[in-house]
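Topology and contacts: notes
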Amino acid sequence: MNNLVPLSYYLVLSAILFACGVTGFLIKRNIITIFMSIELMLNGVNLSFVAFAAHWQKLSGHVFVFFVMVVAAAEAAVGLAIIIALFRTRETLNIDQVNLLKL
Amino acid sequence: MTPTLHLWLIPILPLAGAAINGLFGKRFSRRSVAAIALTFCGAAFAMAIWIAARFSSLSLPHVESFPRWLLEQGLGTWIRSGTFSVDYSFALDQLSLVMLLIVTGVGFLIHVYSVGYMWEEGGYYRFFSFLNLFMFFMLTLVLASNYLLMFVGWEGVGLASYLLIGFFFLRDSAAAAGKKAFIVNRIGDFGFLIALFLMIRHFNSLDFSQVFNTILQNSQQFPIEKSGAGVLTAIALLLLLGACGKSAQIPLYVWLPDAMEGPTPVSALIHAATMVTAGVYMIARSHVIFERAPSALMVVAIIGTLTAFFAATIGIAQTDIKKVLAYSTVSQLGYMFLACGVAAFSAGIFHLMTHAFFKGLLFLAAGSVIHAVGGEQDMRKMGGLRKHIPWTFWTMTIATLAIAGIPPFAGFFSKDEILWRAYQASWIYWLVGVVTAFLTSFYMFRLWFMTFFGEYRGAAASPVHEEHASDSRRGVSPPHGHGHGGVHESPPIMLVPLVTLALLSFVGGWIGVPGSLGGENHFDKFLGPVFRSATPNINTGNAQPGEVVPPERTTEGAEPKTGHSTEIIFTGISVGAGLLGLFLAWLLYIRSPQLPDRIAGSIHGLYSAVAHKYWIDELYAWLFVKPLIAISGTVFWRGIDQGVIDATLNGSADGARELSDEVRHMQSGNVRSYAAWVAVGATAVIAYMVWVGLRTP
């Protein structure tokens, strides 16, 4: 049962998901898209957590995944609220125009 | 069990006065400032007299520390390190009693005088605070029972001297003179300090009695260093360097004439009567060391003789009344050094005492003259003052006779004793001493004639002046208490000290009349126990008489049996020298006043050398000051301070700023660039971890 799908497959998929997230985070200008890229990264990591948990027959990986999902949910709530507030003031979702915070 | 004398109170009382006046004096009236200063100084004097009265009942030396309630606060011991310790304790013996009485007595009189003299100057409270502070340090110096406490007083009087020389600090010359005095004294103090280190190294103690007992009881270890110099010679020479600085001897005498920038009472108290004699006191106190270092003793005598002679020659050509007295002080201190150098310590202290009387008086009288003519110090602009200020004139006459060595005034006895003892050591000392006595008499009577006789040569040809010149010159504008309608006698508060000191200058020498003149020389006998005996071991008292090897020399006070007739002849010669000086001064400055200029013209080179003080100041400036300033400017300031220290600090600051300047561009405000940096950082961390992982198998 354990050996149906090798661990490396999960890890490669996880890395691909994470790399997609990073790429999206770096190249996209729309805040919503960036936000979704972050979620993608988190879930890529979640996948590797559960893969390891299954591989080592340990529960701590699952616990981490739950924590990450809670944080992601909280982040989504706060992040979306910030995005709405941002859009109301700046009337744009282009991240390059939200650059007041500089030296 | 000897009675408790509360010696600690003697220095502390003036300190209290200094503190009260220094902290709160600004709000007091002049009257209360003067009252406070006089009360505390007078209390110290009264205690000194009380102690003198009980002196015969003491076992000497009498060592005391603070009273028990202060000792319990841990005040008794200053330094304790292994077996070495230094205490706050005070010692009284014949020598310190004499010094105590001189310092408090003359000091008190000069305090009284200052009340009148400084009445119209600004910073009245400051002046008296400093003056009391000086008394504190001087009394600490005199009463200290160990070298370190003495050094505290030694440095303290230097500080007080600096503060008081620069009292009129708005004048650049006064500030510069204060600095000069302080810095030149530092050179001497350097020697003193090294001597203390050597003592700690070799005796493991700085206590007078312990150091001297160690020397006296270990004659194998510390022999009389007749041939070749050892530890004791080194210590003695270093102490001498300190004494030369404080007592203005060659080569460190240059600060004293400049110190005349201070107010005249300061010149009288610090730069004539007390502080400058500290060096003589210190050498006399350390006589056990000096007696075992004959070569050092010879250096003392040579320095004293040379200083006495050279300073006297410079004194001849000075025109500033205070400068003449300053060089005279240097010269008389040279006599005291000469006395110490021929191991006639009690003669040196005797001259110290009489000098304190007559030189203090001379300065106070000169101050009275300066006061009378409105701040003028140039003798060429005085003259004929005899009729206008009779009290000053007569007191000054007594002082002049005393310093010129005319019997029966005080200076005659002390100077004569020194010359006689110097002759017993070497006729050269005596000869130079007698020539110096002649020069002393000449320049003093020159001063006397120029100031008090002839016609008044001041401004406006008549003795009238409008403004107190010293005030305008000093840049302060005190309120004018009483009118200055011309040359006028000083107020009684200034005359009382003058008269008292004149009395002392007259009779002060009578306690030391030598045997050749039918006297007993009580002074010498009184001080005898200090200088003659090996200091008794006061701590244990178990010193066996046989252990103490007395030094091989003619002991102090024991009149050599060469016969009194020889001594009387020599006395006659020195009196003759004094009278010759008087006659020559009369000839040149009364009989034919145009003669001095003609003589000065005919020996122009020599005269200008003397008038310019042999260009010693210029020589020192060229030899030491200018190179030092040049080195400081280039090497120490530009090179080390700016080049190394500042450069390091500024360089690191500049580097940090430049780096930050570059790095701050990372903070662009662009979220995606932040993300990129995070990614770069994360990549770097992962790369590092992979690298580490690959390295460890």
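Residues numbered from 1 in each chain as written. Chains lettered and ligands numbered in written order. Predicted model: local features only at pLDDT ≥ 70, side-chain atom pairs only at ≥ 80, totals over all residues.

Points about the overall build of chain A
In terms of regular secondary structure, chain A is built from three helices and zero strands. Computed over C-alpha atoms, the radius of gyration of chain A comes to 17 Å, more than 25% over the 13 Å expected from 2.2 N^0.38 for 103 residues, which places it beyond the range of a compact globule. Taking the principal axes of the C-alpha coordinates as reference, chain A spans close to 55 × 25 × 25 Å. (Helix = DSSP H or I, 4+ residues; strand = E, 2+ residues; numbered from the N terminus. Rg over C-alpha atoms; globule rule 2.2 N^0.38 Å.)

Points about the overall build of chain B
For chain B, the helix and strand inventory stands at 27 helices and four strands. Here the C-alpha coordinates of chain B stretch approximately 110 × 75 × 55 Å along the principal axes. Excluding contacts between residues fewer than 6 apart, the proportion of contacts in chain B whose partners are at least 24 apart in sequence is 81%. (Contact = placed C-beta atoms within 7 Å.)

Side note on the packing of helix α12 (residues 278-285) of chain B against helix α15 (residues 321-341) of chain B
All names here are of chain B. Orientation of α12 relative to α15, taken along the N-to-C sense of each, is 5°, at an axis distance of 10 Å. Comparing their axes, α15 and α12 come out roughly parallel. Residues V280, I283 and A284 of α12 lie in contact with α15, whose contacting residues are L333, M336, F337 and C340. Of the residues belonging to the contact of α12 with α15, the class tally is seven nonpolar, no polar and no charged. (Axes fitted to C-alpha atoms, helices over the stretch in contact; angles between N-to-C directions. Parallel < 35°, antiparallel > 145°, perpendicular 65-115°, else oblique. Nonpolar A, V, L, I, M, F, W, Y, C, P; charged D, E, K, R; others polar.)

Some remarks on the interface of chain A and chain B
Counting residues at the interface gives eleven residues for chain A, matched by ten residues for chain B. Looking at side-chain class alone, the side of chain A that touches chain B contains eight nonpolar, one polar and two charged residues.

Side note on the environment of B:Y456
All names here are of chain B. Structurally, Y456 is set in the loop between α19 (427-452) and α20 (469-474). With 19 C-beta atoms packed within 10 Å, Y456 lands in the partly exposed category. Counting along the chain gives 75 residues from Y456 to K381, while the straight-line C-alpha distance between them is 7.2 Å. (Buried ≥ 20, exposed ≤ 12 C-beta atoms within 10 Å, placed from the backbone.)

Observations regarding the confidence of the model for chain B
Mean pLDDT over chain B works out to 84, with 91% of the residues at or above the 70 mark. Across residues 534-561 of chain B the pLDDT falls below 50, and counting only partners more than four positions away or on other chains, this stretch makes 41 contacts in the model. (pLDDT = per-residue confidence, 0-100.)

A few points about the pairing of strand β2 (residues 77-81) of chain B
Counting buried residues along β2(B), only zero of its five residues qualify, which leaves the element largely exposed. Connecting β2(B) to the antiparallel partner strand β3 (residues 84-87) of chain B that follows it, the hairpin turn spans two residues, and B:G82 within it adopts a positive phi of roughly 65°. (Pairing = 2+ DSSP bridges.)

A closer look at the pairing of β3(B)
Bridge analysis of β2(B) against β3(B) gives four bridges, and the strand direction is antiparallel. Across the sheet, B:S81 pairs through a bridge with B:F84, a residue of β3(B).

A few points about the environment of B:T319
Residues and elements named next belong to chain B. With respect to the element layout, T319 can be found in the loop between α14 (294-316) and α15. Residues T319 and F28, spaced 291 residues apart in sequence, show a C-alpha to C-alpha distance of 39 Å. When residues no more than four places from it in sequence are discounted, the contact partners of T319 are D378, M379 and R380.

Things to note about the packing of α19(B) against helix α23 (residues 564-591) of chain B
Helix packing for two helices is described by the angle between their axes and how far apart those axes are. All names here are of chain B. Where α19 meets α23, the closest approach of the two axes is 7 Å, and the angle between their N-to-C directions is 35°. Between α19 and α23 lies a crossing of right-handed hand. For the pair formed by α19 and α23, the contact residues are V434, A437, F438, L439, T440, S441, F442, F445, R446, F449 and M450 on the first element and I573, S574, A577, G578, L580, G581, L582, L584, A585, W586, Y589 and I590 on the second. (Left-handed = near helix turned anticlockwise from the far one by under 90°.)

As for α23(B)
With 28 residues, α23(B) should cover 40 Å at 1.5 Å per step; its first-to-last C-alpha distance of 38 Å lies within 8% of that length. Contacts from the buried residues of α23(B) go to α18 (410-425), α19 and α24 (595-602) of chain B. (Expected span 1.5 Å × (residues − 1).)

A short note on unusual backbone geometry
A cis amide bond links B:I250 with the next residue in sequence, B:P251, at an omega value of 5°. Along the chain, the position of B:P251 falls in the loop between α9 (231-246) and α10 (255-258). A cis geometry characterises the amide bond from B:P407 onward to B:P408, with omega recorded as 5°. For B:P408, the position within the fold is in the loop between α17 (390-403) and α18. Positioned with a positive phi, A:E91 is a non-glycine residue whose angle comes to about 55°. Its place among the elements puts A:E91 in the segment after α3 (60-90). We classify A:E91 as exposed; it has 8 C-beta atoms within 10 Å.

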